[in-house]
Structures are given as C-alpha cells and as structure tokens.
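Structure at a glance
Okay, here's what each chain looks like letter by letter:
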Amino acid sequence: MNDDVRPSASLSHPLFLAAVAALALNDHLLKASGAWPALSGKLSDVAGLLVAPLVLAWLMRARTRRGWLACHVAVGVGFALHQVPEVAAALERWLPVRIWADPTALVAMPALAVSFFVLGRPRAARSAPVMGAVALLLCAASDLPGSNNPPPRYPFPPAGVLETDVFIRNHLSADLRVGVRRVRDEVRLDCDD
C-alpha cells in the first residue's frame, strides 16, 4: 500500500468540489431562505466534514497516511466536542465566537470516513491551490456573525449583566418549552436539589 498522500491533488476531486459547492450554496443561500432549517444544518455538517480534513491536510502539508489520519481525527474531535452544549458554553467564555451546539449534528460523522477513504486515494498531481483557499474561506465563513445562524432568543443587556431569579439557556437547536408558575412566598425551594 502506498503510504504517500497528496492533499493538493485531491483539491480537484469531484467529491471535494461538490462538497465545496454544497457548503457555499447551503450556508449562503439555503440557510438565508429559512427553508428546511433541519436539512440545511445537516447538509452544512456533512459538506464541512468532507471539506475541512482535506483543507487541514493541505494547510499542514500532510504527506503520509498517518498525517492524513491525524487531520481527520483533529476535525472529528473538534466537531464532536463543539456539539456538546457544556463544551460549547465553555468555549464561548474563552473565544470571541458564538457556537451553536447541536448534538444531532453528530449523525454527519460518517462523512469523515468518506473523506478519508475517497479523497485520500492517490491521484494524478493536479494542484488546485485556489480551490483550497476558497474551501478554507467557506469553512471559516460558515459560522461567522451575520452568516444566517439563528439569533439568540434572549437579549443581553449592555455589559452582559442580567438580573433575574431564574435564567434558562437552551443550547439545543430545537425549541425548549418551559412552564412557569408562581410559588407561594412561604414555600422554600432548595435549588441544589
């Protein structure tokens, strides 16, 4: 088995080009239309998991199967971790980004295997660095502010101070229904329970 990989040659692979096109159309047209939000979110996840490992391998100049695998593992771990609401909330405290955690997005993970096996096959050395740059921009731009992610459903006052007796933050992509009723003043609640 040939241990060499050529990420730059795979930048012109039809699967990669289709995934880049899907990422661009989905993130900048379909999501903006508001039509089929569940489908557009999953399409973005699948296309991103096909594109991102190859772009990372191209940027890192991976030349071996081990490097190719490491790029796929790095993308997979990063993608999986940011779908966990607690991890996303912790990342938001350290990074100046808004992360929309969605555990259902993990259904797109098999796209990594497709990327690994299909895009990792040796190909003729046709380099397409322009496609790599375009794909990198689309991967980075899909979650930038103003890229049609749903707006937060609660306003934050200036300076981030919110005074309330109860605060609920929904990290899921699905709506959360909450019922509220008044408790008599003499009732003592133990919030630690």
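Keep in mind that this is a model prediction, so the values were computed, not measured.

The full count for this structure, using the stated rule, is 1 salt bridge. A salt bridge links K42 to D102, with the nearest nitrogen and oxygen atoms 3.0 Å apart. Linking K42 in helix 3 (residues 37-60) with D102 in the loop between helix 5 (85-94) and helix 6 (110-118), this pair joins segments that are 60 residues apart in sequence. Classification of D102 by relative accessible area gives buried; the value is 12%.

Here we take up the confidence of the model for the chain. Of all residues in the chain, 67% have pLDDT values of 70 or greater, and the mean over the chain is 77. With pLDDT under 50 throughout, residues 143-158 is counted as low confidence; its partners more than four residues away or in other chains account for 17 contacts.

Let us look at helix 5. When helix 5 is considered as a whole, its buried residues turn out to be P85, A88, A89 and E92. Angular distribution of buried residues about the axis of helix 5 spans 100 degrees; they occupy a single face of the element. Exposed side of helix 5, more than 90 degrees from the buried face: E86, R93 and W94 are the residues found there.

Here the focus is the packing of helix 4 (residues 65-81) against helix 6. Running from amino to carboxyl end, helix 4 crosses helix 6 at an angle of 160 degrees, the nearest separation of the two axes being 10 Å. For the element pair helix 4 / helix 6, the angle class is roughly antiparallel. Helix 4 and helix 6 meet at a crossing whose hand is right-handed. For the pair formed by helix 4 and helix 6, the contact residues are R65, W68, L69, H72, V75 and G76 on the first element and L112, S115 and F116 on the second. For the contact of helix 4 with helix 6, the residue count by class is 5 nonpolar, 3 polar and 1 charged.

Glancing now at the nonpolar core. Counting residues in hydrophobic clusters, the biggest one holds 22 residues, and the most contacted among them are F16, L49, V51, L54, A57, W68 and L119. For this core, the elements supplying multiple residues, two or more each, are helix 2 (14-33), helix 3, helix 4 and helix 6. Looking at this core element by element, the count peaks at 6 residues for helix 3.

Turning our eyes to something else, we now look at the environment of K31. Mapped onto the elements of the fold, K31 is located in helix 2. The exposure class of K31 is buried, given its relative accessible area of 18%. Spatially, the C-alpha atoms of K31 and S44 are 9.3 Å apart, while their sequence positions differ by 13 residues.

Unusually for a residue other than glycine, R61 sits at a positive phi of about 55 degrees. Inspection of the secondary structure puts R61 in the loop between helix 3 and helix 4. Judged by its relative accessible area of 63%, R61 is exposed.

Any pair of aromatic rings gets described here by the distance separating the centres and the angle formed by the planes. This structure, assessed with the given rule, holds 2 aromatic pairs. By the ring-pair criterion, three or more aromatic residues cluster together here, those being W68, F116 and F117. If you follow R65 out to its NZ or CZ, it ends over the ring of F116, 5.0 Å from the centre.

Conventions adopted
- Residues numbered from 1 in each chain as written.
- Predicted model: local features only at pLDDT ≥ 70, side-chain atom pairs only at ≥ 80, totals over all residues.
- Heavy atoms only, no water.
- Salt bridge = Lys/Arg side-chain N within 4 Å of Asp/Glu carboxyl O.
- Helix = DSSP H or I, 4+ residues; strand = E, 2+ residues; numbered from the N terminus.
- Buried < 20%, exposed > 50% of the residue type's maximum accessible area, 1.4 Å probe, protein only.
- pLDDT = per-residue confidence, 0-100.
- Contact = heavy atoms within 4.5 Å.
- Arc of directions from axis to C-beta.
- Axes fitted to C-alpha atoms, helices over the stretch in contact; angles between N-to-C directions.
- Parallel < 35°, antiparallel > 145°, perpendicular 65-115°, else oblique.
- Left-handed = near helix turned anticlockwise from the far one by under 90°.
- Nonpolar A, V, L, I, M, F, W, Y, C, P; charged D, E, K, R; others polar.
- Core = buried A, V, L, I, M, F, W, Y, C linked by side-chain atoms within 4.5 Å.
- Phe/Tyr/Trp six-rings, centres within 6.5 Å; stacked < 30°, edge-to-face > 60°.
- Lys NZ or Arg CZ within 6 Å of the ring centre and 35° of its normal.

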